[in-house]
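# Structural overview
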Amino acid sequence: MKDISAQRPGKEAFRADILRHLTYTLGKDAGHASDYDWRMALSFAIRDRIVGPWFASTRRTWAENRKRVYYLSMEFLIGRILEDAAINLGLRDLAAEVLADLGQDFATLAGEEPDAALGNGGLGRLAACYMESMATVGCPSYGYGIRYEHGLFRQRFEGGQQVETAEDWLKTRNPWEFERPESAYTIGFKGEVAEKDGRALWTPDETVIASAYDTPVVGWQGRWANTLRLWSAKPTQAFDLERFNRGDYAAAAEPETLARTISRVLYPEDTTYQGKELRLKQEFFLTSAAIQDILRRYLETHTDLTALPTHVAIQMNDTHPALAGPELIRLLTDAHGIGFEEAFDIAQACLGYTNHTLLPEALERWSTWLVGNILPRHMQIIERIDSLHRRRFPNRPHYVGIVKHHEVRMGELAFISAHRVNGVSALHTELVKERLFPELNKLHPGRIVNETNGVTPRRWLRMANPALSGLITETIGEGWEDHLDRLTGLEPHVEDKGFRDAFAGAKRANKVATANWIARTTGISVSPDALFDVQVKRLHEYKRQLLNILQTVAQWHFIRENPNLPHVPRVKIFGGKAAPGYVVAKEIIHLINDVAAVINNDPRTGDLLKVVYPANYNVSMAEHLIPAADLSEQISTAGKEASGTGNMKLSLNGALTIGTLDGANVEIREKVGAENFFLFGLTADEVEERRKDVEHARHAILANQPLQDVLQMIAEGRFSPGQRDRYHGIVDRMWHHDYFLVASDFGAYHAEQGEVDRSYREADDWTRKAALNTARMGFFSSDRAIRGYMEDIWGVDSAL
Ligand code: CBF
């Protein structure tokens, strides 16, 4: 593939491209163009430059008959594309220069792009990082997802409470996608299964069309590009003109409305599931469209379906696409006449399953009645998979199957259908073996492997943090963006005071920018000299934002009681959304905002403590906040966070972590060094042990005076004077149902926060620790993770 610099356009050519798009694609005269028009023209000019590498990659894959990876995910939390693509193509600075000449500002235009929020949190953002890394390392692949009309809801606060409104990223044109009306498949639901010529014949009652939209994903330096193919649901039946003419307008539009419902909204849940029938239909819609598309592409150049696994690897991102096994088997048997066992073996050799959570409520289970009703043929196949598997392992007293107590267990289905199952951090993988699938692990030793998560350094360092990126390049030269392990080259410089000052300078510049941004978005003024303490992630009890806010109250109380001590000023920054139906999480948001209102207006604590919670946390907000963080809060109950990826982004950007031994925190601490990490709290085993004491919470509270004081203040309505009993539920749960062990870890957390303050006072030493975090985080590149999947699971070579 050609060198990117050879493909980079000259200034004049790029300017001409932008103006041509403005005139002929947008139909706008430069004198009257809005920011939107300029952004579109710029995006199209950049997209033009992706098409070359995209075509070249596709042609090579065909010509060399390469194995392809298909990444099936209900979520792709992409964020904005413009700047990321411009950086990968080496066009960022050129674009800014050309635009400046045209009287436009690159950052303003890039900031105008809506976030593509087709995901809830970690799992969806991981899928987006992996797409970018697959393109960077030259792994021929397709991502398959749903083109939701409405991505993750918008959050605002009213009286401190979360209010959700619909998100509409497609309200204006999406310049990155190409509609593919020719790539459309019929997806069936319900109906009857009969037998014809010895084969099952499923006649669905309802059908919709899955129609493809392709977004090219370009890797670092444009060396390779893959496709993210998102499916949109369209009606199979044409508009009912007869009904319309009779004046029955609503009924005439009914088929369209019904079909479109399937790709209308992303489910705002990442740990539980809801709206069962629609959710199951969405999962099948994605999976069936993907599998049909995979087979169609394969059969264009092959005839022997038994060789499918040599050419096709299919990754199920969590259990959501776990119907991939049954759907592939259905097509192999019913449409292509392959015997059941052989079809199962082919499917299994193609499939991999990534588990992302141990939370029992997140492991999908569908009632057999529902599956049988919506997907009658698949229900038969699932039962046959179950009995085939049982037959292959007779005499197992504790046999764990797929169908149990009238439920289809999607975790077991995914496990049994796949040749590899992976966890997403070393600890999580061990817990998957020991706690989640102990029986299946015994039956299939070696099937469970670990692939610790990673994040793309292009977006999360190079793009989000130009100040630090510039310093890194100045210090160790270019090339670290796709060889992140080269960051270790910074280590010798960490001992150089000049380097540390420059490192601290970059952090300070980011904090100043963030302080300005906070003032603009929340009206709260914060000092960039304070310690920026950041907890940004979905709101969930296991992530323990509650622990953070309770400790914040304790600290506030302590400052008030000890006004003459030399306190370290802190800004507590929260960001995150709660699933709309998750009442407890929403209560915690309310409490954080109520506490913030009191603390931020307290003249006795002033700049010593501020709490900010900007609404509507999303990928773009993360890109603002992460480079400015001094401290990263990774404080989940041990054994609950599968991995975390925010922890990686923050540490990579030179934040020190305060955290438990949970998820990837364990590996981060190993890599950055225990002395550069603030550890506290119970381990996963100690958590289990602690829960055996039914009164663990009461005992912990009684043993900790600051916590008692905090709970007392909250119970008395100190933060909710207009409604004193507002948080009685929270306080009561703390005493009696503290499943996530907030009380048990409070003392250790509070003490460790004291350590954080002490360390922060030693400014230069803090910078040394922060710089060592950055220098030692190379392992957590998503390129490393993807290479692991290619080798251990997919059996795919890099095309580069
Ligand atoms: O593996 C990616 C992430 O997935 C989750 O967000 C999920 O949705 N299950 C986990 O909670 C994270 O720990 C994990 O990093």
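Residues numbered from 1 in each chain as written. Predicted model: local features only at pLDDT ≥ 70, side-chain atom pairs only at ≥ 80, totals over all residues. Heavy atoms only, no water.

Taking an unreviewed UniProt entry as the reference, the protein is identified by name as Alpha-1,4 glucan phosphorylase belonging to Albidovulum denitrificans. Of the comments in the UniProt record for the protein, the one headed Subcellular location (unreviewed entry) reads "Cytoplasm". Recorded in UniProt under Cofactor (unreviewed entry), the annotation for the protein is "pyridoxal 5'-phosphate". (UniProt positions renumbered as here; feature names shortened; annotations may be inferred.)

### Notes on the overall build of the protein
Looking only at helices and strands, one finds 35 helices and 24 strands in the protein. Whereas a compact globule of 800 residues would reach a radius of gyration of roughly 28 Å, the protein reaches 27 Å, a difference of no more than 12%. Dimensions along the principal axes, computed over C-alpha positions, put the protein at roughly 90 × 70 × 65 Å. Here the protein, with 800 residues, has 61% of them falling under the buried criterion. At a minimum sequence separation of 6, the contacts of the protein that also span at least 24 residues come to 78%. Total accessible area on the protein stands at roughly 29500 Å², and carbon and sulfur atoms take up 50% of it. Of the charged side chains in the protein, 93 are positive and 108 negative, and the gap between their average positions amounts to 1 Å. (Helix = DSSP H or I, 4+ residues; strand = E, 2+ residues; numbered from the N terminus. Rg over C-alpha atoms; globule rule 2.2 N^0.38 Å. Buried < 20%, exposed > 50% of the residue type's maximum accessible area, 1.4 Å probe, protein only. Contact = heavy atoms within 4.5 Å. Areas by Shrake-Rupley, 256 points an atom, 1.4 Å probe, with all protein chains shown as cover. Lys, Arg positive; Asp, Glu negative; His and termini not counted. Charge placed at Lys NZ, Arg CZ, Asp CG, Glu CD.)

### Structural notes on helix α5 (residues 92-101)
For an α-helix, 3.6 residues make a turn, and residues three or four places apart therefore share a direction. Of the positions making up α5, those classed as buried are Leu94, Ala95, Val98 and Leu99. Looking straight down α5, one finds that the buried residues subtend no more than 130° of arc, so they occupy a single side. On its buried face, α5 sits against α2 (11-25), α3 (35-63) and α6 (106-110). One or two steps after α5, the chain reaches Gly103, where phi turns positive at roughly 80°. (Arc of directions from axis to C-beta.)

### Overview of the UniProt feature "modified residue: N6-(pyridoxal phosphate)lysine" (unreviewed entry) in the protein
Cross-referencing UniProt, the feature "modified residue: N6-(pyridoxal phosphate)lysine" (unreviewed entry) maps to Lys649 in the present numbering. Tracing the sequence through the fold places Lys649 in helix α27 (residues 646-652). Ignoring sequence-local partners within four residues, the contact set of Lys649 consists of Arg125, Val455, Trp460 and Ile626.

### Observations concerning the packing of helix α24 (residues 545-561) against helix α25 (residues 583-600)
Following both chains from N to C, one finds α24 and α25 inclined at 20°, their axes separated by 10 Å at the closest point. Relative to α25, the element α24 is oriented roughly parallel. Note that α24 runs across α25; the crossing there is left-handed. On α25, the residues that touch Gln545, Leu546, Ile549, Thr552, Val553 and Trp556 of α24 are Ile588, Leu591, Ile592, Val595, Val598 and Ile599. Considered class by class, the residues forming the contact of α24 with α25 number 10 nonpolar, 2 polar and no charged. (Axes fitted to C-alpha atoms, helices over the stretch in contact; angles between N-to-C directions. Parallel < 35°, antiparallel > 145°, perpendicular 65-115°, else oblique. Left-handed = near helix turned anticlockwise from the far one by under 90°. Nonpolar A, V, L, I, M, F, W, Y, C, P; charged D, E, K, R; others polar.)

### Digging into the packing of aromatic side chains
Scanning the entire structure with this criterion turns up 23 aromatic pairs. Both rings, one in Phe678 and one in Trp766, keep their centres 5.9 Å apart while their planes meet at 25°; by these two values the pair is stacked. Of the two residues, Phe678 sits in strand β24 (residues 677-679) while Trp766 sits in helix α34 (residues 763-775), which places them 88 residues apart along the sequence. Note on accessibility: Phe678 and Trp766 belong to one class, buried. Judged by centre distance (4.9 Å) and plane angle (85°), the rings of Tyr739 and Phe740 are edge-to-face. Ring pairing ties together the aromatic residues Tyr70, Tyr142, Tyr144, Tyr185 and Trp231, which thus form one cluster. Positioned above the aromatic ring of Phe779, the side-chain terminus of Lys671 is 4.3 Å from the ring centre. The ring of Phe779 has Arg784 lying over it, and the distance from NZ or CZ to the ring centre is 4.0 Å. (Phe/Tyr/Trp six-rings, centres within 6.5 Å; stacked < 30°, edge-to-face > 60°. Lys NZ or Arg CZ within 6 Å of the ring centre and 35° of its normal.)

### Quick word on helix α32 (residues 728-736)
All of the buried residues along α32 are Ile730, Val731 and Met734. Along the axis of α32, the buried residues cluster in a sector spanning 95°; they form a single face.

### What about the sheet that holds strand β23 (residues 656-659)?
Taken in spatial order, the 6 strands line up as β21-β20-β19-β22-β23-β24 in an open sheet, and their pairing is parallel. Taken across any chain shown, the strands that pair with only one partner, and hence form the sheet edges, are β21 (609-612) and β24. Each strand of the sheet is rotated relative to its neighbour by a mean of 20°, with strand direction disregarded. Inspection of the sheet shows strand β22 (residues 631-634) paired to β23 by 4 bridges, in the parallel sense. Bridged to Glu633 within β23 is Ile658. Each of β22, β23 and β24 touches helix α28 (residues 665-672); the most contacted strand, β24, lies at about 135° to it. (Pairing = 2+ DSSP bridges.)

### A few points about the environment of Leu118
Locating Leu118 in the fold gives a position in strand β3 (residues 116-118). Residue Leu118 is classed as buried on the basis of its relative accessible area of 1%. As a C-alpha pair, Leu118 and Arg147 span 29 residues in sequence and 7.7 Å in three-dimensional space. Beyond its immediate stretch of four places on either side in the chain, Leu118 contacts Met74, Glu75, Phe76, Leu77, Ile146, Tyr148, Gly151, Trp169, Leu230 and Leu266.

### Side note on the domain arrangement of the protein
Think of interface size as the accessible area that goes away when the parts come together; that is how it is often given. Looking at the protein, the domain boundaries give domain 1 (65-80 + 115-453 + 785-794) and domain 2 (457-476 + 483-495 + 517-694 + 740-780). Between domain 1 and domain 2, the C-alpha centre-to-centre distance is 34 Å. Taken together, the contacts link 45 residues of domain 1 with 44 residues of domain 2. Of all residues in domain 1, the largest losses of buried area upon contact with domain 2 belong to Gln155, Phe157 and Arg435, amounting jointly to 16% of the total for that side. Counting across the interface, domain 1 meets domain 2 through 4 salt bridges. Taken together, the connections running from domain 1 to domain 2 amount to 20 residue pairs in polar contact (both at pLDDT 80 or more). Of all the secondary-structure elements, those providing two or more residues to the side of domain 1 that touches domain 2 are β2 (76-79), α7 (122-137), β5 (154-158), β6 (161-165) and α18 (426-436). The greatest single-element share of the side of domain 1 that touches domain 2, amounting to 7 residues, is contributed by α7. Partitioning the side of domain 1 that touches domain 2 into residue classes produces 15 nonpolar, 19 polar and 11 charged. (Domains from an automatic or database assignment. Buried area = accessible area lost by both parts, 1.4 Å probe. Salt bridge = Lys/Arg side-chain N within 4 Å of Asp/Glu carboxyl O. Polar contact = N/O pair within 3.5 Å; in protein donor to acceptor, adjacent residues only side chain to side chain.)

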